[in-house]
Amino acid sequence: MTTDHTNTPIALAAVRQRILDAEAEFGLPAGSVRLIAVSKTKPASQILAAIDAGQRDFGENYLDEAVPKIEELAENSCRWHFIGNIQSNKTRHVAAFFDWAHCVDREKIALRLSRQRPDHLRALNVCIQVNIDNEVNKSGVFDAEALALADQISQLPNIRLRGLMAIPSPGSDFEAQRKPFARMRRLFEQLRKTHPSMDTLSMGMSADLRAAIAEGATMVRIGTAIFGARPAK
Ligand SMILES: *Cc1c(COP(=O)(O)O)cnc(C)c1O
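Residues numbered from 1 in each chain as written. Predicted model: local features only at pLDDT ≥ 70, side-chain atom pairs only at ≥ 80, totals over all residues. Heavy atoms only, no water.

Novice: Help me out: how do you make sense of helix α2 (residues 44-52) in this one?
Specialist: An α-helix turns once per 3.6 residues; consequently, residues spaced three or four apart project the same way. Listed in full, the buried residues belonging to α2 are Ala44, Gln46, Ile47, Ala49, Ala50 and Ile51. Contacts made by the buried residues of α2 are with α1 (8-25), β2 (57-60), α3 (63-72), β3 (79-82) and α9 (224-227). Backbone geometry just after α2 places Gly54 at a positive phi near 95 degrees. (Buried < 20%, exposed > 50% of the residue type's maximum accessible area, 1.4 Å probe, protein only. Helix = DSSP H or I, 4+ residues; strand = E, 2+ residues; numbered from the N terminus. Contact = heavy atoms within 4.5 Å.)

Novice: Teacher, can you tell me more about the site of the ligand here?
Specialist: For the ligand, the set of nearby residues contains 13 residues, the closest of which are Lys40, Asn61, Ser206, Thr224 and Arg230. Lys40 has a polar side-chain atom sitting 2.7 Å from an oxygen atom of the ligand. Separating an oxygen atom of the ligand from a side-chain N or O atom of Ser206 is a distance of 2.5 Å. When isolated, the ligand has an accessible area of 390 Å², and the protein chains bury 89% of it. Classifying every residue of the shell around the ligand gives six nonpolar, four polar and three charged. (Near = heavy atom within 4 Å. Polar contact = N/O pair within 3.5 Å; in protein donor to acceptor, adjacent residues only side chain to side chain. Areas by Shrake-Rupley, 256 points an atom, 1.4 Å probe, with all protein chains shown as cover. Nonpolar A, V, L, I, M, F, W, Y, C, P; charged D, E, K, R; others polar.)

Novice: Just to check I follow, could you spell out the pairing of strand β1 (residues 34-38) for this structure?
Specialist: The side chains of a regular strand alternate between both faces of the sheet. With four of five residues buried, β1 is to be regarded as a mostly interior element. Across four bridges, β1 lies against strand β8 (residues 219-222) in parallel orientation. Counted as the bridge partner of Ala37 is Ile222 from β8. Each parallel crossover has a hand, and for β1 linked through α2 to β2 it is right-handed. (Pairing = 2+ DSSP bridges. Right-handed = clockwise from strand over helix to strand, strands pointing away.)

Novice: Quick question: what am I supposed to make of the packing of aromatic side chains here?
Specialist: Aromatic rings considered in pairs are described by the distance between their centres and by the relative angle of their planes. Counting across every chain of the model gives three aromatic pairs. Arranged with centres 6.3 Å apart and planes meeting at 5 degrees, the rings of Phe26 and Phe174 form a pair that is stacked. Of the two residues, Phe26 is situated in the loop between α1 and β1 and Phe174 in helix α7 (residues 174-192); the sequence distance between them amounts to 148 residues. Both rings, one in Phe58 and one in Trp80, keep their centres 5.6 Å apart while their planes meet at 35 degrees; by these two values the pair is tilted. Here Trp80 lies in strand β3 and Phe58 lies in strand β2, a separation of 22 residues in the sequence. Given the relative accessible area of 0%, Phe58 is considered buried. The ring of Phe174 is capped by Arg210, whose NZ or CZ atom sits 4.1 Å from the centre of that ring. (Phe/Tyr/Trp six-rings, centres within 6.5 Å; stacked < 30°, edge-to-face > 60°. Lys NZ or Arg CZ within 6 Å of the ring centre and 35° of its normal.)

Below is the structure:
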């Protein structure tokens, strides 16, 4: 797979087409699924190539590299999504530099994000990360804990509960990939009854975006298929 900057617009167009195809296949309005281009480990110049091709939502996992890129690209009115684990010592920068935080899984982190959100910015959009396959050593709440955390988050003034996020364990084929996403959809619909501000299901990556869209993903987070393979971390 090539990773050079001239290939980025072509790869981005191909991913957009995959999303359009899935929307059509599963009876969704064209353009209803939002693409988050995951640019972790990639240079600002490659992000700029995507911006020039019309992309505005970007996902980053590591603050140390994300903040300088966000500052460098500040004039491009991008929306930045923090999609990494949030430890307590990272909340201040997430609150200051990002529009979305996808991986909130504890009240303590939510409290800090709300308290540290700068006054001049709108409320930070947050998703609750769900450990949908009940994996050991994986971040995210178990599905039975999601409602309590949603109740807590919705009390906080400077963050806004937007939805749920998950990274299921890799499924071997479409049907296997679909199952955890279907559980996410059910949980999402259940929580929405008491939390109508929830409008976002953040799920689906390069390898499983079609299965995620089949089960109602409203945001897909795609890195490799747009920007090329990443160095092993
Ligand atoms: C890296 C990452 C992605 C993108 O994964 P690809 O397989 O490269 O598309 C999506 N979501 C999260 C949380 C990630 O860390």
